[in-house]
Amino acid sequence: RKEVEQDPGPFNVPEGATVAFNCTYSNSASQSFFWYRQDCRKEPKLLMSVYSSGNEDGRFTAQLNRASQYISLLIRDSKLSDSATYLCVVMNYNQGGKLIFGQGTELSVKP
Amino acid sequence: DVKVTQSSRYLVKRTGEKVFLECVQDMDHENMFWYRQDPGLGLRLIYFSYDVKMKEKGDIPEGYSVSREKKERFSLILESASTNQTSMYLCASSPEDRRGLKQFFGPGTRLTVL
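Let me sum up the structure you'll find in this document.

Reading guide: rules and limits
- Residues numbered from 1 in each chain as written.
- Chains lettered and ligands numbered in written order.
- Predicted model: local features only at pLDDT ≥ 70, side-chain atom pairs only at ≥ 80, totals over all residues.
- Heavy atoms only, no water.
- Helix = DSSP H or I, 4+ residues; strand = E, 2+ residues; numbered from the N terminus.
- Rg over C-alpha atoms; globule rule 2.2 N^0.38 Å.
- Disulfide = S-S within 2.5 Å.
- Contact = heavy atoms within 4.5 Å.
- Buried area = accessible area lost by both parts, 1.4 Å probe.
- Salt bridge = Lys/Arg side-chain N within 4 Å of Asp/Glu carboxyl O.
- Polar contact = N/O pair within 3.5 Å; in protein donor to acceptor, adjacent residues only side chain to side chain.
- Core = buried A, V, L, I, M, F, W, Y, C linked by side-chain atoms within 4.5 Å.
- Buried < 20%, exposed > 50% of the residue type's maximum accessible area, 1.4 Å probe, protein only.

**A few points about the overall build of chain A**
- When helices and strands are tallied, chain A shows zero helices and 11 strands.
- Going from N to C terminus, chain A has its helices and strands arranged as β-β-β-β-β-β-β-β-β-β-β.
- The C-alpha atoms of chain A give a radius of gyration of 14 Å, which matches the 13 Å a tight globule of 111 residues would have.
- Structurally, chain A occupies a C-alpha span of about 45 × 30 × 20 Å along its principal axes.

**With respect to the state of the cysteines**
All names here are of chain A.
- Using the criterion set out here, one finds two disulfides over all chains in the structure.
- Between the sulfur atoms of Cys23 and its disulfide partner Cys88 the distance amounts to 2.0 Å. Judged by the sign of its S-S torsion, about -75°, the bond between Cys23 and Cys88 is left-handed. Here Cys23 is found in strand S3 (residues 19-25), whereas its partner Cys88 is found in strand S9 (residues 84-91), with 65 residues between them in sequence.

**Some details on the interface of chain A and chain B**
- With 20 residues of chain A at the contact, the number on the chain B side is 21 residues.
- When chain A packs against chain B, the two sides together hide about 1,600 Å² of surface, and 57% of this comes from carbon and sulfur.
- Taken as a group, Arg41, Lys98 and Phe101 of chain A account for 30% of the area that chain A buries against chain B, more than any other trio of residues on that side.
- Here chain A is connected to chain B by one salt bridge.
- Salt-bridge contacts for Lys98 of chain A lead to Asp59 of chain B; the nearest nitrogen and oxygen are separated by 3.4 Å.
- Connecting chain A to chain B are four residue pairs in polar contact (both at pLDDT 80 or more).
- Those elements giving two or more residues to the side of chain A that touches chain B turn out to be strand S4 (32-38), strand S5 (44-50), S9 and strand S10 (99-101) of chain A.
- At four residues, the largest contribution of residues to the side of chain A that touches chain B is made by S4 of chain A.

**Description of the nonpolar core**
Residue and element names in this part refer to chain A.
- One finds Phe21, Trp35, Ile71, Leu73, Ile75, Tyr86 and Leu107 to be the most contacted residues of the largest nonpolar core, which totals 24 residues.
- Put simply, the parts of the chain that give this core at least two residues each are S3, S4, S5, strand S7 (60-65), strand S8 (70-75), S9 and strand S11 (105-110).
- In this structure, Phe21 is in contact with Phe11, Trp35, Ile71, Ser72, Leu73, Ile75, Tyr86, Thr105 and Leu107, ignoring residues within four places of it in sequence.

Pasting the structure below:
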């Protein structure tokens, strides 16, 4: 079983739609959680950290459920420029602070 | 802005060749990482380094070695390239006080081994 699992998609949605990505992680000792964004043929870039209380950054909302070991990312009013692959990432300080990446969920926003 | 550069965007090598992938960061970061990215598998950590001349194995170190002689430079070495090492290779760096947190990635090197 992969340590971080995501639905690979692709998710094809119209502009303006709300889309949600889910991610589960297997190591209950994981301590930090992130969403990275990767555009086609580009490097990953940090989109947002995920906090226990949930957090929002504009149209993006991230949630964490430690009991279920589940992370989510919600994108509201999606734009064409949101088309990318979204990577769920977890970290456990006891593993030397290594980041563990999910395989990513591809999003395609159509006009 | 942090800048992480990699020596080549695209590289084609033959089986058995020795391959060097170079990574340089300009923000005086202590931590540097090498990943490979393959479809359906995501990013997997090959090696990382928290200091000059220091290296630690990641999750898939077999067939690879690394060198960190200077703080800003972290090299990945394929001693004898094989076709299953065809992949996208990504280098990343992060500051010491936030070891695993925000990592800054280079643009990647797409390596093809024939």
